Amino acid sequence: MIDTAMTSLEHSTDAIARRTPVRSTYRLQLRPDALTFADARAIAEYLQQLGISHLYLSPVLTAMPGSTHGYDVTDPTTVSAALGGPAGFKALSDEVRGRGMGLIVDLVPNHVGVADPRQNPWWWDVLRNGKQSPYAHYFDIDWSTGNGAGGRIALPVLAGETDVAALSVDRTGPEPMLALRDLRFPIAPGTDGENALRTHDKQHYRLVTWKSGLCGYRRYFTVGGLAAVRQEETAVFDATHRELAAWCEHDLIDGVRVDHPDGLARPTEYLTRLRRLIGPQRLLLVEKVLSNREPLDATLPIDGTTGYDALADLGGVLLDPDGEPALTELSRQFTGHGSDRAWFTEQEHRIKRAVAETMLVPEMRRLVAAIKRDAKAETCDTMALTNATIEVLSFMPVYRTDYAPLAGMVGAVVAEVARRNSELTTPLQVLVTALAVGGEAATRFHQVGGAITAKAVEDTMFYRAARLVSLQEMGADPVRFGCSPIEFHLANAERATRWPAGMTALSTHDTKRGEDVRARIGVLSQVADTWAQAVTAWDEIAPGPDGATTLFLLQNMFGVWPADGRPAATVPGLRDRLHLFAEKAMREAGTRTSWEEPDIEFEQAVHQWIDTVIDGPVGAELGDLVADLAPHAWSDSLAQKLLQLGGPGIPDVYQGCELWEDSLVDPDNRRPVDFNHRNLLLQSLTGTPDLDPSGAAKMWIVAYALWLRRERPECFVGGTYTPLFATGDHAQRLIAYARGRRGEPPEVIVAATRHSVALAETGWTDTVLDLPQGDWTDRLTGHTFSGRARLEKLFARLPVALLVR
């Protein structure tokens, strides 16, 4: 297999010297203990043979010691020594460039890690010197006397009010420090004393409990260990992008992925400045969660998003809408609601209000104070203004509304709130006056709105709903039970025209479930009645402690259960992974337990139930069902993968996902990958593999699709997109499209099976696909077709086809 593929990998010296266009990316989660720059260099040859054009790296700047993700950057001015430092980074760039490949780097402009102040030189200096620190304006700090901490920086690190009594002075180092357990805090010059409490009272900061509702700085959502930085300040932008500028100057990278730009004060201005820095030719992608039918702002100087929007379409088109009624009724039976539009709308509003009134109290306090200042309405009733502002933010259908296509949305929402609540008329007038100024209040309004949405929707509501959990994903709308082929094709056609170089994704480090787990859960839409009967019976055999938790966890267990016949109890690590996932899911949902106030008794009951399922008859029956449906789960996995790899945009392969993967939410999806096994499997493939637990069929498809993108790049990024439709009894069970060069006939056809469960009984019967003129060879099987292709023959070997003229 490799010998044939590698013939197209020969590059002349001149070609290598030129920057390689980005055709595909492979996401690597770098970590000091498992995947350094040197380790990435070692797998570069494998990724080249797989057909990848660019390595897409998680953040590479100095982060918190031991960080397994890199988003807690502590020093934005240095490349992580733990990963290999600047020399290691350059060596990796040289390695991939020498192979005709390139690098995309992940940038974190919104926040830095401050969980251990000693690790962050800027933060340490601010805590030590207060407003006099040269870095004081780098952070979004509330220095006002009314900030709840007497004008000092409130640091929510205490477990309880009495925790501060455990403070001591650590004199073992070159300077005295306040010590609280393993944490250390600086002591301002001239304030050292024998009494730790009195010394604490003289500092520029004040240690408070995390339940106090105080935090002296803007955070990343509600994470106290991540302090926001003010990229709107030129000095801050220059300091935090110094390394990036050097990488561009020395041509080490080919593009940038921007983490969470919605948290910035003025994301459009930031992206404009960033584009100027990296130049017009490098790829610029943003991690942007687009709400239901929200358009991406075409005026932004970017190439697209990181692909959550595509993810929803790729999985949604494979769902069977006929399963919606039965799954809705099952949800109603177990949870008391159907997880339908009415429930989601009510829940979203209620949870957003709760988030604003609890988790984000410090941010709301600062926002309301800014509204009063900008509206020159200092005498306005604070409680009424807070209530009105929260109500408006709770009805916002998007993360933030200051993007060009969303002009007028705030006015519409405010008008609706005023119509519903006439008693809010006066405070709403104050809010509108402040927003019209376009100053600090408007900035904070958009920042807080995004945080409320993220915490309420992705981090809470998506753990409460239980109709079909594969729909509860970043960028998805669980109310829409998938999407029709027509919707899919139109979305793809628009992507091909408007965002030809945007990223598409199926798995990321932030997805709630990996792509193959979602695909398998999605198959339940095809067997909804069978699933409902099974779950009802299992709940009688092993009753769960809570209906919603039971239904939610059973779907996720179905998604990761071994498909090779092994009892789940014998799969290394699976039991622990399920328990960890259950703990996170229960606490994020926040209905019976939470991170802030865990209900240990309820959690223990859930953990006992999980063990009962794993070790008892329910687990055995669950395993039988997984085995019965495994071919259909694999069919959907291959379908969504090939639809992604052949579709518009630049497809990303998340590390390890060239084989079946069973990842749940982070940190489960950041586990180290066995690249040696994957490399050996790629080398060993000599013919079309069977659909089996090895995942060889998925690797086969990934490799052939990526090789074709390399062979005919003009057909893909910037190429044409033409929907294709079958005729016959099962025409709706095909999803297919053609790709080609602009102005020329199609050269590539991607075809995939959908709703395969029913096909197992009937076969394709008379269903056919009329091919464009010419002879078409399926790269996956070697079979050739022309004219009218019978789908029973097209899919005789695999449930997908990659036809080339």
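Given the structure is predicted, the values throughout are model-derived calculations rather than measurements.

Thresholds, definitions, all that
Residues numbered from 1 in each chain as written. Predicted model: local features only at pLDDT ≥ 70, side-chain atom pairs only at ≥ 80, totals over all residues. Heavy atoms only, no water. Helix = DSSP H or I, 4+ residues; strand = E, 2+ residues; numbered from the N terminus. Polar contact = N/O pair within 3.5 Å; in protein donor to acceptor, adjacent residues only side chain to side chain. Contact = heavy atoms within 4.5 Å. Pairing = 2+ DSSP bridges. Axes fitted to C-alpha atoms, helices over the stretch in contact; angles between N-to-C directions. Parallel < 35°, antiparallel > 145°, perpendicular 65-115°, else oblique. Left-handed = near helix turned anticlockwise from the far one by under 90°. Nonpolar A, V, L, I, M, F, W, Y, C, P; charged D, E, K, R; others polar. Buried < 20%, exposed > 50% of the residue type's maximum accessible area, 1.4 Å probe, protein only. Patch = residues over 30% accessible without salt bridge, like charges linked within 9 Å, V, L, I, M, F, W, Y side chains within 5 Å. Areas by Shrake-Rupley, 256 points an atom, 1.4 Å probe, with all protein chains shown as cover. Salt bridge = Lys/Arg side-chain N within 4 Å of Asp/Glu carboxyl O. UniProt positions renumbered as here; feature names shortened; annotations may be inferred.

Participant: How should I be thinking about the side chain of Thr-549 in this particular structure?
Facilitator: Within the fold, Thr-549 resides in helix H22 (residues 547-560). One polar contact links Thr-549 to Asp-546, side chain to side chain, over a distance of 2.8 Å. Excluding its chain neighbours within four sequence positions, the residues that come into contact with Thr-549 are Met-586, Phe-602 and Val-606.

Participant: Please explain the sheet that holds strand E24 (residues 800-804) as it appears in this structure.
Facilitator: Within a sheet, neighbouring strands are paired by backbone hydrogen bonds and run either parallel or antiparallel to one another. Reading across from one edge, E19-E20-E21-E24-E22-E23 is the order of the six strands in this open sheet, with antiparallel pairing throughout. Edge positions in the sheet fall to strand E19 (720-724) and strand E23 (784-790), since each has one partner strand and no second. Taking each pair of neighbouring strands and ignoring which way they run, the sheet shows an average axis angle of 25°. Where strand E20 (residues 734-740) lies against strand E21 (residues 746-753), seven bridges are found, and the strand directions are antiparallel. Its bridge partner being in E21, Ala-738 is matched across the sheet by Ile-749. Along the sheet, helix H27 (residues 696-711) contacts E21 and E24; its crossing angle with E24, the most-contacted strand, is approximately 25°.

Participant: Hey, could you run me through the packing of helix H21 (residues 528-541) against helix H25 (residues 617-646) in this one?
Facilitator: In a packed pair of helices, the relevant descriptors are the angle between the two axes and the axis-to-axis distance. Between H21 and H25, the least distance of the axes is 10 Å, while the angle of their chain directions is 165°. Relative to H25, H21 is oriented roughly antiparallel. The chirality of how H21 crosses H25 is left-handed. Across from Thr-530, Trp-531, Trp-538 and Ile-541 in H21, the residues of H25 making contact are Pro-617, Val-618, Glu-621, Leu-622 and Leu-625. Class assignment for the residues of the contact of H21 with H25 results in seven nonpolar, one polar and one charged.

Participant: Looking at this structure, how should I read unusual backbone geometry?
Facilitator: Glycine aside, residues mostly have negative phi angles, and peptide bonds mostly take the trans form. Of the consecutive residues Asp-666 and Pro-667, the connecting peptide bond is found in the cis state with omega at 5°. Within the secondary structure layout, Pro-667 lies in the loop between strand E18 (650-654) and helix H26 (675-684). For His-260, which is not a glycine, the phi torsion comes out positive at approximately 45°. Residue His-260 is classed as buried on the basis of its relative accessible area of 9%.

Participant: Explain a nonpolar patch on the surface here, please?
Facilitator: Among the surface-exposed residues, Ile-486, Leu-490 and Phe-725 lie close enough to one another that they form a single nonpolar patch of about 350 Å² accessible area. Residue position: Ile-486 is located in helix H19 (residues 485-498). Under the relative-accessibility criterion, Ile-486 is labelled exposed at 55%.

Participant: Hey, could you run me through the environment of Trp-595 in this one?
Facilitator: Structurally, Trp-595 is set in the loop between helix H23 (574-589) and helix H24 (600-615). Here Trp-595 falls in the partly exposed class, since its relative accessible area comes to 39%. Once the C-alpha coordinates of Trp-595 and Glu-583 are considered, the two residues, 12 residues apart in sequence, prove to be 9.4 Å apart. Setting aside chain neighbours within four positions, we find Trp-595 in contact with Glu-583, Lys-584, Arg-587 and Glu-588.

Participant: How should I be thinking about the sheet that holds strand E13 (residues 223-228) in this particular structure?
Facilitator: On the basis of which strands lie adjacent, the open sheet formed by three strands has the order E6-E13-E12 and antiparallel pairing. Only two strands of the sheet have a single partner each, and these edge strands are strand E6 (111-113) and strand E12 (219-220). By the bridge criterion, two bridges tie E12 to E13 in an arrangement that is antiparallel. Counterpart to Tyr-220 in the pairing with E13 is Val-223.

Participant: Please clarify how helix H6 (residues 121-129) should be interpreted in this entry.
Facilitator: Along an α-helix, residues three or four apart share an orientation, since each turn contains 3.6 residues. Every buried residue of H6 is listed here: Trp-122, Trp-123, Trp-124, Val-126 and Leu-127. The N-capping residue of H6, defined by a side-chain oxygen 3.2 Å from the backbone nitrogen of Trp-122, is Asn-120. Just beyond H6, the residue with positive phi is Gly-130, at close to 60°.

Participant: Explain the UniProt feature "domain: Glycosyl hydrolase family 13 catalytic" (unreviewed entry) in the chain to me, please; I cannot follow it from the model alone.
Facilitator: The UniProt feature table records "domain: Glycosyl hydrolase family 13 catalytic" (unreviewed entry) at residues 29-692. Taken end to end, residues 29-692 comprises 46% helix and 11% strand; its first and last C-alpha atoms sit 27 Å apart.

Participant: Help me understand the pattern of salt bridges in this model?
Facilitator: Two side chains that carry opposite charge are able to pair once their charged atoms sit near each other. Inspection of the entire model under this criterion finds 67 salt bridges. Taking the shortest distance from any N to any O, the salt bridge between Glu-391 and Arg-353 comes out at 2.6 Å. Placement of the pair is Glu-391 in helix H15 (residues 382-394) and Arg-353 in helix H13 (residues 341-357), with a sequence separation of 38 residues. By relative accessible area, Glu-391 is classed as buried at 9%.

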